[in-house]
Amino acid sequence: PQYYLRHIAALCVRRGMSEADALKALTINPASLLRLDKRLGSLEVGKDADFIILSGEPLEFDSLVQQVFIDGKPVFDRATGFSVFPAPATTAAQQ
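Residue numbers restart at each chain and count upward from 1, following the sequence in its written direction. This being a predicted model, a pLDDT of at least 70 is required before a residue's local features are given, and a value of 80 or more before pairs of side-chain atoms are given or counted; all residues contribute to the totals for chains, interfaces and linings. The basis for every side-chain value is the complete set of heavy atoms in the structure, and neither hydrogens nor water enter the calculation.

We now examine the sheet that holds strand β2 (residues 65-70). Taking strand neighbours across the sheet as the criterion, the four strands line up as β1-β2-β3-β4 in an open arrangement whose pairing is antiparallel. Across the chains shown, the open sheet's two edge strands, defined by having one partner strand only, are β1 (51-54) and β4 (82-83). Following DSSP output, two strands are said to pair if at least two bridges run between them. Helical segments are the DSSP runs of H or I of at least four residues, strand segments are the runs of E of at least two, and each set is numbered from the N terminus.

Listed below in structure tokens is the structure:
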């Protein structure tokens, strides 16, 4: 799942991949493969402004997502509790 992509990239760095290549593997490379690199994959004027703010280095396991922006608009902020996403449903086992 996409939740683990940053962790997998971090493991690749531990095994010898450069941090720059690992970050490209999460950003511009998939955008290029899908032929969406004119719109996605890097922060440039004229591209969609979808990005995250982390609590630390992107490839550190303990870095947390602090803020999420889609089209340049905030959609999540850990500090304030703001989120446009619905809370996950809880099951009887989780209650």
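After that view, the rundown keeps rolling.
Turning our attention to the packing of aromatic side chains. Pairing of aromatic side chains here covers Phe, Tyr and the six-membered ring of Trp, requires ring centres within 6.5 Å, and sorts the geometry by plane angle: under 30 degrees stacked, over 60 edge-to-face, intermediate tilted. Per the stated rule, a full pass over the model turns up one aromatic pair. An angle of 10° between the planes, with centres 4.7 Å apart, marks the rings of Phe51 and Phe69 as stacked. One end of the pair, Phe51, is in strand β1; the other, Phe69, is in strand β2, and 18 residues separate them in sequence. Exposed residues in this analysis have more than 50% of their type's maximum accessible area, buried residues have under 20%, and partly exposed residues fall in between, with area computed by a 1.4 Å probe over protein chains only. Here Phe51 falls in the partly exposed class, since its relative accessible area comes to 28%.

Once that is clear, we can look at the layout of surface pockets. Think of a 1 Å grid over the protein atoms and nothing else: a 1.4 Å probe that fits but is trapped marks a cavity, an open set flanked by protein within 12 Å on at least five of seven lines marks a pocket, and residues with an atom within 4 Å of a point count as lining. Grid points are joined across faces, edges and corners, and a volume is the space filled by probe spheres set on the points. Computed from the structure, the largest pocket encloses a volume of approximately 1500 Å³. What lines the largest pocket is a set of 31 residues, and nearest its centre among them are Arg6, Leu26, Asp50, Phe51 and Ile52. Elements with a minimum of two residues in the lining of the largest pocket: α1 (5-14), α2 (19-26), α3 (28-33), β1 and β2. Sort the elements by how many residues they give to the lining of the largest pocket and β2 lands first, with four residues. Each residue is assigned to one class: nonpolar for Ala, Val, Leu, Ile, Met, Phe, Trp, Tyr, Cys and Pro, charged for Asp, Glu, Lys and Arg, and polar for all the others, Gly among them. Partitioning the lining of the largest pocket into residue classes produces 20 nonpolar, seven polar and four charged.

Turning our attention to the pattern of salt bridges. Any carboxyl oxygen of Asp or Glu within 4 Å of a side-chain nitrogen of Lys or Arg constitutes a salt bridge here. Scanning the model with the defined rule gives two salt bridges in all. Across the pair Asp48 and Arg39 runs a salt bridge, and its minimum N-O distance is 2.8 Å. We classify Arg39 as partly exposed; its relative accessible area is 45%. For the salt bridge of Lys47 with Glu44, the shortest nitrogen-to-oxygen distance reads 3.3 Å.

Moving on: the packing of α1 against α2. As a rule, the C-alpha atoms of each element are fitted with a line to give its axis, helices using only the stretch in contact, and angles between N-to-C directions run from 0 to 180 degrees. Closest axis-to-axis distance for the α1/α2 pair is 9 Å, and the angle between their directions is 155°. Judged by the inter-axis angle, α1 sits roughly antiparallel to α2. When you trace α1 past α2, the crossing you get is right-handed. Residue-level inspection shows Leu5, Arg6, Ala9 and Val13 of α1 in contact with α2, the latter providing Glu19, Ala22 and Leu26. Its residues assigned to classes, the contact of α1 with α2 shows five nonpolar, no polar and two charged. The scheme is simple: roughly parallel for angles under 35 degrees, roughly antiparallel for over 145, roughly perpendicular for 65 to 115, oblique for anything else. By convention, the crossing between two helices is left-handed when the near helix turns anticlockwise from the far helix through less than a right angle, and right-handed when the turn is clockwise. Note on contacts: a residue pair qualifies if any of its non-hydrogen atoms lie within 4.5 Å across the two residues.

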